[in-house]
Amino acid sequence: MQQLMTIEKNEPIADQVYRLVLDGDTSDITMPGQFVNISLPGFFLRRPISVCDWSNGKLVLIYKVVGKGTEYMSTLKAGTQLDILSGLGNGFDMSKAGSAPLLVGGGVGTPPMYGLAKRLVLAGKPVNVILGFASEKDAFYLDEFDALNDLYDFGCEGFEGKGSGSSDTQGQNGHPHNGYPQVRVFTATVDGSLGKKGFVTDCLGEIAECTHYFACGPIPMLKALKSAMGEKISGELSLEERMGCGFGACVGCSVMTKEGTRKVCSDGPVFAADVLLV
Ligand code: FES
């Protein structure tokens, strides 16, 4: 659906990373892992940004300034209206999560993992999350992931009790939430300034059980993760391709898979790990 959405907030949350909160109709967004395509005045191509979170009438996006378009976007003030195509792409298949899903986000691949983690927790699943960043200054949303442990404190559907609400962004201790689903977050940074020194795959030893994994991030990360997880554990990978139209009308986002050429925007951006040639 094409529509105008109004900026409520557009604020920096890490080095060159911004959080954009928009007011408008979010009814086309049905699955975590979908994306929107934003038109910016003076720029020919729309900017595809994955959905971080959404609720009725409110959309949260997180983007990194990587070029002139996103640099311009970072200057936009509250009240500005943006032309947005929303509800694009397939999203993650939560029905495959099993009893112990693992979510892995690298850099700006982290935002869709937040929306997914939230909905898995609301569906009653315990969730392990591994986040990878270059450095502490690039890291974001650790507290927000941790706060998912408190969802049921606010009377969310599916929960009946009260949690401890304690903070544990490194995931060492977990949350003693009286048997309620918990979110454990492990962090890796390349320079070791936050969490474990290294890559997301260096945190896999902390994960006792994984029934299915979901990941979004740069191709080398997806490749290393898929290889480390092996063929016995199923997974879904979300690709971050450059796009043109965003809805299947051009070939700007084609990738070769084991099942032939696929368009990231309309066949993806989420693909079964065993189908991708990464
Ligand atoms: Fe046009 Fe995917 S961006 S087909």
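Here the structure is a predicted model, which is why all the values come from computation and not from measurement.

Trainee: Help me understand the pairing of strand β6 (residues 81-88) in this model?
Mentor: Within a regular strand, side chains alternate between the sheet's two faces. The pairing of strand β1 (residues 2-14) with β6 spans five bridges and is antiparallel. Of the residues in β6, the one forming a bridge with Gln3 is Ile84. Pairing between strand β3 (residues 35-39) and β6: four bridges, direction antiparallel. Paired with Ser39 across the bridge in β6 is Asp83.

Trainee: Whenever I open this one, the sheet that holds strand β5 (residues 58-64) confuses me. Can you help?
Mentor: Hydrogen bonds between backbone atoms are what pair the strands of a sheet, whose relative direction is either parallel or antiparallel. Around the barrel, six strands lie side by side as β1-β2-β5-β4-β3-β6; this closed barrel has antiparallel pairing. Averaged over all neighbouring strand pairs, the angle between strand axes comes to 45°, with direction disregarded. The sheet contacts of helix α2 (residues 110-122) involve β4 (47-55) and β5, and relative to β4 the element is tilted by about 25°.

Trainee: Looking at this structure, how should I read the pattern of salt bridges?
Mentor: It is possible for side chains bearing opposite charge to pair when their charged atoms get close. Per the counting criterion, the structure on display carries ten salt bridges. The residue Lys58 makes a salt bridge to Asp23 at a minimum N-O spacing of 2.9 Å. Placement of the pair is Lys58 in strand β5 and Asp23 in strand β2 (residues 17-23), with a sequence separation of 35 residues. On the accessibility criterion, Lys58 (30% relative accessible area) is partly exposed. Between Lys96 and Asp93 there is a salt bridge, and its shortest N-O distance comes to 3.2 Å. The partly exposed category is assigned to Lys96, whose relative accessible area is 47%. What makes Asp93 partly exposed here is its relative accessible area of 26%. Through salt bridges with shared partners, a single network forms among Glu8, Asp23 and Lys58.

What counts and how
Residues numbered from 1 in each chain as written. Predicted model: local features only at pLDDT ≥ 70, side-chain atom pairs only at ≥ 80, totals over all residues. Heavy atoms only, no water. Pairing = 2+ DSSP bridges. Helix = DSSP H or I, 4+ residues; strand = E, 2+ residues; numbered from the N terminus. Axes fitted to C-alpha atoms, helices over the stretch in contact; angles between N-to-C directions. Contact = heavy atoms within 4.5 Å. Salt bridge = Lys/Arg side-chain N within 4 Å of Asp/Glu carboxyl O. Buried < 20%, exposed > 50% of the residue type's maximum accessible area, 1.4 Å probe, protein only.

Keep in mind these numbers describe shape, not what the thing actually does.
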